[in-house]
Amino acid sequence: MKVLKFGGTSVGTPARMKEVARLITESSEQKIVVLSAMSGTTNTLVEIADYLKKGNREAANSVINKLRAKYMTHTKELHAAEEWVIKTSDFLEDEFMYLHSFSGTEFTATTEKTILAQGEMMSTNMVTNYLKEIGIKVMLIPALDYMMTDKNGEPDLAYIENNLKAILNENPNYDIYITQGFICRDAEGRIDNLQRGGSDYTASLIGAALGADEIQIWTDIDGMHNNDPRIVEGTTPVRQLHFDEAAELAYFGAKILHPTCVQPARFAGVPVRLLNTMAPSAPGTLINNEMQHNNIKAIAAKDNITAIKIVSSRMLLATGFLRKVFEIFETYKTSIDLVTTSEVGVSLSIDNNSRIYPIVEELKKYGTVEVDEDMCIICVVGDLDWNNVGFESKVTAALENIPVRMISYGGSDHNISFLIRGCDKQAALQALSKKLF
Ligand code: ADP
Ligand code: ASP
Ligand code: MG
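In this text the structure is predicted, and so the values were computed from the model without any measurement.

A. Representation of the overall build of the chain within the structure. For the chain, the count of helices and strands is 13 helices and 16 strands. Taking all 437 residues of the chain together, the buried fraction comes to 51%. Partitioning the contacts of the chain with sequence separation of at least 6, the portion at a separation of at least 24 is 74%. A total of about 19800 Å² of accessible surface is found on the chain, and carbon and sulfur atoms cover 49% of it. Within the chain, the 56 negative side-chain charges are centred at a point lying 2 Å from the centre of the 43 positive side-chain charges.

B. Spotlight on the sheet that holds strand E11 (residues 296–311). The sheet built from six strands is open, its strands ordered E12-E13-E11-E14-E16-E15 with antiparallel pairing. Strands with a single pairing partner mark the edges of an open sheet, and in this sheet they are strand E12 (336–341) and strand E15 (404–409). Neighbour-to-neighbour, the strand axes of this sheet turn through a mean angle of 30 degrees, independent of strand direction. Inspection of the sheet shows E11 paired to strand E14 (residues 368–382) by twelve bridges, in the antiparallel sense. Note that in E14 the partner of Ile 310 across the bridge is Val 369. Across the sheet, helix H13 (residues 425–436) lies against E11, E14 and strand E16 (415–421), angled at about 140 degrees from E11, the strand it touches most.

C. Representation of the state of the cysteines. In this structure the tally under the stated criterion is zero disulfides. Just so you know, Cys 261 is unpaired, no disulfide at all, and the nearest cysteine sulfur is the one on Cys 184, 15 Å from it. In this structure Cys 261 comes out as buried when scored by relative accessible area, which is 1%. Not engaged in a disulfide, the cysteine Cys 379 finds its nearest cysteine sulfur in Cys 376; these two sulfurs lie 11 Å apart.

D. Quick peek at the pattern of salt bridges. Applying the stated rule across the entire model yields 24 salt bridges. One salt-bridge network, held together by shared partners, links Glu 19, Arg 22 and Glu 26.

E. Main features of the sheet that holds strand E8 (residues 240–242). Taken together, eight strands build an open sheet; the order of strands is E3-E4-E2-E1-E7-E9-E10-E8 and the sheet is mixed. Edge strands, defined here as strands with exactly one partner in the open sheet, are strand E3 (138–141) and E8. Averaged over neighbouring strand pairs, the angle between their axes works out to 20 degrees when direction is ignored. With three bridges connecting them, strand E9 (residues 272–276) and strand E10 (residues 285–288) associate as antiparallel partners. When the sheet's bridge partners are listed, Val 272 is paired in E10 with Ile 287. Packing against the sheet, helix H1 (residues 14–25) makes contact with strand E1 (2–6), strand E2 (31–35), strand E4 (176–180) and strand E7 (214–219), and its axis sits at approximately 170 degrees to E1. Of the strands in this sheet, E2, E3 and E4 are in contact with helix H6 (residues 157–170), which crosses E3 at around 155 degrees.

F. The arrangement of helix H8 (residues 243–251) in detail. Counting buried positions along H8 gives seven out of nine residues, so the element sits mostly inside the fold. Among the residues of H8, those classed as buried are Phe 243, Asp 244, Glu 245, Ala 246, Glu 248, Leu 249 and Ala 250. With its phi angle positive at about 115 degrees, Gly 253 sits one or two positions after the end of H8.

G. Up close: the side chain of Asn 415. With respect to the secondary-structure elements, Asn 415 resides in strand E16. Polar contacts involving the side chain of Asn 415 include one to the side chain of Glu 248, which spans 2.8 Å. Here Ser 417 takes part through its side chain, which lies 3.2 Å from a polar atom of the side chain of Asn 415. With sequence-adjacent residues up to four places away left out, Asn 415 is seen in contact with Glu 248, Phe 252, Cys 379, Val 380, Gly 382, Leu 384, Ser 408, Tyr 409 and Gly 410.

Quick notes on the rules
Residues numbered from 1 in each chain as written. Chains lettered and ligands numbered in written order. Predicted model: local features only at pLDDT ≥ 70, side-chain atom pairs only at ≥ 80, totals over all residues. Heavy atoms only, no water. Helix = DSSP H or I, 4+ residues; strand = E, 2+ residues; numbered from the N terminus. Buried < 20%, exposed > 50% of the residue type's maximum accessible area, 1.4 Å probe, protein only. Contact = heavy atoms within 4.5 Å. Areas by Shrake-Rupley, 256 points an atom, 1.4 Å probe, with all protein chains shown as cover. Lys, Arg positive; Asp, Glu negative; His and termini not counted. Charge placed at Lys NZ, Arg CZ, Asp CG, Glu CD. Pairing = 2+ DSSP bridges. Axes fitted to C-alpha atoms, helices over the stretch in contact; angles between N-to-C directions. Disulfide = S-S within 2.5 Å. Salt bridge = Lys/Arg side-chain N within 4 Å of Asp/Glu carboxyl O. Polar contact = N/O pair within 3.5 Å; in protein donor to acceptor, adjacent residues only side chain to side chain.

By themselves, these figures tell us nothing about what the structure is for.
Structure, rendered in structure tokens:
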């Protein structure tokens, strides 16, 4: 069994939905198809929730009505037979009535999550109905029946596996199973989600739960490129990545893959393939357990980073200083990305500065504290084993004209990271591409 996930642009118009239907019905093997909301829909749902939160029902209702009009046009384009236009539009009308109904209720965190979940509800229903219309044996499996997180907000792997397998065992005779990405229930059974962009995570969790042959992430580009194609011209696809390399790239900003997506697939040993819906025969990128040697693979960048430096003469020859510093970050549930140390100080980077004020207050007990905001991590990924000569010097040389705040190397065999000013990101990415590829 393969798991295929199609992102927002891949189901962004009725024509694209039909193309997805063509792709998934090309071969006869059974497959699970995870769908995102149509592109732009989740953002619109965020806008609706935001108006409701602010008590502006009129604006929320006006945005809902605009979205409704769009979907009604889509329905007519999607189906050939009037009977199916009616079925899909009846479903969608109920959806929009449901969205309007939140105007009359108290706004809670669950209201917001429930509103955000409707994009995937609509896209999966539309594609399922289209497949039925063209005569495919398809079943829509509601993600809310099996996708659940535990008390810590982490996926409840045992629950997911047991429930999904039970559903499949009870319904064995379908060619295609469609399900929603992104959405889930929390440990209390309330509607929740796996964070923005989390449909990739859904696919990986399903692939791992079922021990799938392969997880395919279908998007709008031919696999992982060797640099951010939104910033650098002439980037090219990387044909193979080790799970660790893919995880680093995703975590450090390569938007094509959600950072959480790699882990379940890797633990279950299921390869992940990144493919292009717009060019289905292109080879894309295969992510598996193989490490290619003597090769720098790709570069990614992560914005909105804060750097914190703590300088203290007390650190000199002292034990336990770093522990005290790290404990402060742990207390405020703030994870650290990069760390560099010297004999008298330590520099750290964090990507969530919501607790920066109490953190800095506590750190001041141990030394002089400096904070730099609007920084950016540049991460170069590939075979950076320390025994290889020349790679790290080549990477560093590419940044000769950029002020570098921190360099992190040696934490793993496949990454070197630099902290620079956010405003230097474009120049740094371009310089690295020029030097390395
Ligand atoms: P989807 O909606 O299918 O989940 P995303 O927008 O989340 O798609 O991810 C695909 C986008 O990721 C591409 O259109 C591309 O602009 C962006 N991207 C950023 N970095 C990379 C990279 N290194 N390789 C490929 N795509 C990248
Ligand atoms: N629809 C959700 C989002 O836009 C999830 C996803 O597409 O992966 O974030
Ligand atoms: Mg995505």
